[in-house]
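# A closer look at the structure
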Amino acid sequence: MNMLSRRQVLQAMGKGLAIFALVPFVGCDNESKKAVIESGVKSFSENLVFDGEVITGAHWGVLKAKIKDGKVVSSSNALKNSVSNPLHSTIPDLIYAPTRVKYPMVRKSYLENPANPKPELRGSDEWVKVSYEDAIKLIAKELKATYKQKGKEGVFAGSYGWKSSGNLHNARILLQRFMGMAGGYVGVSGDYSTGASQVIMPYVVGSIEVYEQQTSFSSVLNNTQVIVIWGADPMITLRNAWTLNEGTGLDFFEQLKKSGKHIISIDPVRNMSCDYLGAEWIAPLPNTDVALMLGIMHTMLKTNQYDKGFLEDYTTGFEQFKSYLLGESDGIAKDATWASKICGIPAQKIESLAKLFFTNRTMLMSGWGMQRAHHGEQTHWALVTLACMIGQIGLPGGGFGLSYHYSNGGSPTATAPVVGGINLGNAESGGAEWLMQGSAHNFPLARISDALLNPGKTIQHNGKNITYTDIDFIYWAGGNPLVHHQDTNTFIKAWRKPRTIVVNEIYWTPTARLADIVLPITTSYERNDISMSGDYSNLHIVPMKQLVEKQFESVDDYKVFCDLAKEFGIYDKFSEGKSEMQWLKEFYDQALKQAQGLMVTMPDFESFWEANEPLKFEIPSESEEFVRYAEFREDPILNPLGTDSGLIEIYSQKIASYNYADCPPHPTWLEPIEWLGMENKPAEFALITSHPALRLHSQCANTSLRKDYAIADKEPIWINTKDAANKGIKTGDVVKVSNKRGSVLAGAFVTDAIKQGVVRLCEGAWYDPEVKGQIGSTCKNGSANVLTIDLPTSPLANGNIAHTGLVNIEKFSGELKDVCVFEAPQGA
């Protein structure tokens, strides 16, 4: 840590910088400290803890870090949960990772001539270290040049990803706040997780549904008899949450395990949750869930075991769907025998499920993987329709839920004020004309490669037309799109189109390696922040205290955009004159004001911050008893849904008016572009790209947890025992997985816990091509998206179809090259 003279402190304060927040006081003399305090800025924690324990947080939990001699030596859960989470241990690995971006870096060809930067060399060019000041000036200069040449339509700031937790240091919001004030930008709509469902569900139930609170855990435990976990693996995915994970979801499934309830897991993979819960495993062919549901519904119809009253009182459009189900509209009855031929589940089993679901209080807990597929809009629409025929929506423990596997949906909501956070700007202080200036040109997130490759192209989206702009400047912060997006080789081709790509990044991720300018960013453990735990529960307000000094030349995203704002003359508007700690106090004080109205007692900010403990709130009994759609069921006239009819729409007149061939107006089985039941298959095996157990997508890929799952130093791929025997493959072999989109090397794991004809390669492994910068080069590390298809679900939602695709697999016999993506690139 550099020493700060009194003069440096005062000069910085005069420029509006908050030294006490942006640079810790460790190493400062008393005069420097006194200068800051005398200037009117109060410090609530002047020194980092050199030896002791400090509270912070991440997506995977509220964490307690143990610090010795100024260095984090271990981390663990700060809460008392019944199920352990191995991600809690990762803080030291993440701070001291050898993959840290240590200094501001610029790609050599770009630095030599930004006007003609040779974008084809992204990924293979050398890196050159520059000063932070020069990097800021270069970014500002080239952004201004793009605005002049292309306008705001040429600038993309739709940065997307699981940015670091914390309400101030929110990389994506900070980026878009700056860009909105600087001149505007093109952004995106939707997300990768629920791209299809969040668009179709408003037509069906009047809300996006996928991020809504679920019927409470206690209601399920007290009332549900049959629990169907359909295409989800909650014991893995509930290790993380969008804010800070309070761990209540894993605790719930631990209770469920002991409850003795009939639990069914419907998934081509016998996943961790299926084994952990002792669930009955039903394994359909990938992408055939809709056919399975139709077979169940046809059986209910023919046996007269369905709720006619619910359909009449709470839904619209069932008669049109019924005609399709019986085959009156197309000549094909969707009975159990028909469904069995498609999904691979015996007709007798399909018929027994129909009876089981109807005669018991049943909760259908769906994951999101089934809608990340070709025609993914149909899956959750069909699931809701099935729940309507069962007729238990709005009853305690019955119906359906789309987020029990995500961020602890179902955890009852506490009586708690909500801590504020950085936003796109305060319209009252400067007019709203600059907010989201590029919003008129936003495109669906999963179409980014298409947008970059085809400026001027018009696509259909959700009843409207969208025309892509000519993007020439990309600024990405808080994500890793090169690993996140489908069809990596096409994405790299698209990534070479813009003249300038700037990335704020902590590590040398595959995305950072293909940028032009990379700024070194702090981990969330090297700065102060604040957040709540529990996306649904709001259970705690958590101090996220800085644990250690900023490593190397890393800076906060907030400082980066403050400094860029100065170059554009908008610093006062962007920063509002506030330092890190002043923002945090403001966010907390907003909650403190709410607390008074809620009759909740909270300490002042100074006391909260010094206490170094999560602030916990009480859960009222009405939250414990919450039942989704209970009010709608009680009175659909007084409590209508947000659909056009106010009812659940099994048939949508509005979708019918769009006349999309790939999205009919009621739930429909549509054959995917690639699947095991097709004629003339382009490859042999169906590929499942599940969430990994010991990462959050690509986060934590560079930690010591990797040694616990990597096989032959590569991402593991699951293959059925019989399939492996036919291919001469055994556990531990390096295999080549390929299709027309690309190829990867992976480590074979032979198991009976996957359906024959299916392989599983978890998403999120860092892309590491054998030949750097070469499109089509085999990935040495098993990055699944090299193999996935970059096509939209349909023109309605334009979601991604990461779970639709076929691959070939064979034992690898060539020369193996070491994985090197976890080492710094040349020049860095």
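In this text the structure is predicted, and so the values were computed from the model without any measurement.

Below, the discussion takes up the overall build of the protein. In terms of helices and strands, the protein carries 31 helices and 29 strands. Radius of gyration (C-alpha) of the protein: 27 Å, near the 28 Å computed for a compact globule of 828 residues. Dimensions along the principal axes, computed over C-alpha positions, put the protein at roughly 85 × 65 × 50 Å. Put simply, the protein has 828 residues, and 64% of those count as buried.

Moving on: the nonpolar core. Counting residues in hydrophobic clusters, the biggest one holds 176 residues, and the most contacted among them are F178, M179, F357, Y475 and I541. Setting aside anything within four residues of it in sequence, one finds Y475 in contact with I139, F156, A157, S159, L175, M179, V502, N504, L519, V560, F561 and L564. Grouped together as the second largest cluster of nonpolar side chains are 53 residues, Y192, V744, A748 and V807 included.

What follows deals with the UniProt feature "binding site: Mo-bis(molybdopterin guanine dinucleotide)" (unreviewed entry) in the protein. In the numbering used here, UniProt assigns the "binding site: Mo-bis(molybdopterin guanine dinucleotide)" (unreviewed entry) feature to W162, R372, N480, H484, R527, D557 and N785. In terms of the greatest pairwise C-alpha distance, the residues named above, spread along 624 residues, do not form a single cluster, extending to 35.6 Å across. Looking at the element boundaries, W162 is found in the loop between β6 (155–156) and α7 (171–182). For W162, a relative accessible area of 11% corresponds to the buried category. When residues no more than four places from it in sequence are discounted, the contact partners of W162 are H59, A241, W242, Y406, G478, L696, H697 and Q699. Among the polar contacts listed, one links the side chain of W162 to the side chain of H697, at a separation of 3.3 Å. Within the fold, R372 resides in the loop between β12 (362–366) and α18 (377–390).

Attention shifts here to unusual backbone geometry. Positive phi values are uncommon outside glycine, yet N287 reaches one of about 75°. Assignment of secondary structure puts N287 in the loop between β10 (280–282) and α13 (289–302). Owing to a relative accessible area of 18%, N287 belongs among the buried residues under this scheme. Positive phi outside glycine occurs at D487, with the angle close to 55°. By the secondary structure assignment, D487 is in the loop between α21 (481–484) and α22 (488–495). Assessed through its relative accessible area of 10%, D487 is described here as buried.

Below, the discussion takes up the side chain of S159. Considering the arrangement of structural elements, one finds S159 in the loop between β6 and α7. For S159, a relative accessible area of 0% translates into the label buried. A distance of 3.5 Å separates a polar atom in the side chain of S159 from a polar atom in the side chain of W476. A polar contact is formed between the side chain of S159 and the backbone oxygen of A477, at a distance of 2.4 Å. With residues near it in sequence (within four places) discarded, S159 still touches R172, L175, Q176, Y475, W476, A477 and G478.

Let us now look at the packing of aromatic side chains. Inspection of the entire model under this criterion finds 36 aromatic pairs. A centroid spacing of 6.2 Å and a plane angle of 50° characterise the contact between F318 and F321, whose relative ring orientation is tilted. Placement of the pair is F318 and F321 together in helix α15 (residues 318–326), with a separation of three residues, close to one helical turn. The two residues F318 and F321 agree in class, both being buried. Ring centres of Y588 and F605 lie 5.6 Å apart, and the angle between their planes is 55°; this geometry places the pair in the tilted category. Remark: F605 occurs in helix α27 (residues 605–611) and Y588 occurs in helix α26 (residues 580–598); sequence separation between them is 17 residues. Given a relative accessible area of 0%, Y588 falls into the buried group. Take F605: its relative accessible area is 1%, and that puts it in the buried class. One Lys or Arg, R628, reaches over the ring of Y629 and ends 4.8 Å from the middle of that ring.

Within a sheet, each strand pairs with its neighbour through backbone hydrogen bonds, oriented either parallel or antiparallel. Ordered by their spatial adjacency, five strands build an open sheet running β10-β9-β8-β12-β13, and the pairing between neighbours is parallel. Two strands close off the open sheet at either side, each with one partner strand: β10 and β13 (399–401). Within the sheet, the average angular offset between the axes of one strand and its neighbour, ignoring direction, is 20°. Contacting β8 (226–230), β12 and β13, α18 crosses the sheet at an angle of about 175° to β12.

Here we take up the sheet that holds strand β21 (residues 540–544). If you walk across this open sheet you meet the three strands as β20-β21-β22, and the pairing is antiparallel. In the strand order of this sheet, the two ends are held by β20 (529–533) and β22 (615–616), each with one partner. Helix-sheet contacts for α26 involve β20, β21 and β22, and the interaxial angle to β20 is about 35°.

Burial analysis of helix α24 (residues 557–567) places nine of its 11 residues in the buried class, which makes it a mostly covered element. Within the span of α24, buried status applies to D557, Y558, K559, V560, F561, C562, D563, L564 and A565. Of the residues trailing α24, G569 is marked for its positive phi of about 70°.

Domain annotation of the protein identifies domain 1 (52–96), domain 2 (105–193 + 415–616), domain 3 (196–405 + 635–656) and domain 4 (685–811). The C-alpha-based centres of domain 1 and domain 4 are spaced at 30 Å. Overall, the association of domain 1 and domain 4 removes approximately 680 Å² of surface from exposure, summing both partners, and the carbon and sulfur fraction of that is 75%. Taken together, domain 1 and domain 4 are joined by zero salt bridges. For the pair domain 1 and domain 4, the interface holds one residue pair in polar contact (both at pLDDT 80 or more).

Our focus in this paragraph is the packing of helix α16 (residues 336–343) against helix α17 (residues 347–359). Where α16 contacts α17, the two axes come as close as 8 Å, and the packing angle between them is 120°. As far as their axial angle goes, α17 and α16 are oblique. In terms of crossing hand, the pair formed by α16 and α17 is right-handed. When α16 is examined against α17, the residues A336, T337, A339, S340 and C343 are found in contact with a partner set consisting of A347, I350 and E351. Its residues assigned to classes, the contact of α16 with α17 shows five nonpolar, two polar and one charged.

This part covers the packing of helix α6 (residues 132–150) against α24. Running from amino to carboxyl end, α6 crosses α24 at an angle of 55°, the nearest separation of the two axes being 10 Å. In this view, α6 runs oblique relative to α24, as classed from their interaxial angle. The handedness of the crossing between α6 and α24 comes out as right-handed. When α6 is examined against α24, the residues Y132, I136, K137, I139, A140 and K144 are found in contact with a partner set consisting of K559, V560, D563, L564 and E567. When grouped by side-chain class, the residues that make up the contact of α6 with α24 number six nonpolar, no polar and five charged.

You can see T362 is positioned in strand β12. Polar side-chain contacts of T362 include one of 3.0 Å to the backbone oxygen of N360. In this view, T362 contacts T224, V226, V228, L356, F357, Q392, G397, G398 and G399; residues no more than four positions away in its chain are not counted.

About the thresholds
Residues numbered from 1 in each chain as written. Predicted model: local features only at pLDDT ≥ 70, side-chain atom pairs only at ≥ 80, totals over all residues. Heavy atoms only, no water. Helix = DSSP H or I, 4+ residues; strand = E, 2+ residues; numbered from the N terminus. Rg over C-alpha atoms; globule rule 2.2 N^0.38 Å. Buried < 20%, exposed > 50% of the residue type's maximum accessible area, 1.4 Å probe, protein only. Core = buried A, V, L, I, M, F, W, Y, C linked by side-chain atoms within 4.5 Å. Contact = heavy atoms within 4.5 Å. UniProt positions renumbered as here; feature names shortened; annotations may be inferred. Polar contact = N/O pair within 3.5 Å; in protein donor to acceptor, adjacent residues only side chain to side chain. Phe/Tyr/Trp six-rings, centres within 6.5 Å; stacked < 30°, edge-to-face > 60°. Lys NZ or Arg CZ within 6 Å of the ring centre and 35° of its normal. Pairing = 2+ DSSP bridges. Axes fitted to C-alpha atoms, helices over the stretch in contact; angles between N-to-C directions. Domains from an automatic or database assignment. Buried area = accessible area lost by both parts, 1.4 Å probe. Salt bridge = Lys/Arg side-chain N within 4 Å of Asp/Glu carboxyl O. Parallel < 35°, antiparallel > 145°, perpendicular 65-115°, else oblique. Left-handed = near helix turned anticlockwise from the far one by under 90°. Nonpolar A, V, L, I, M, F, W, Y, C, P; charged D, E, K, R; others polar.

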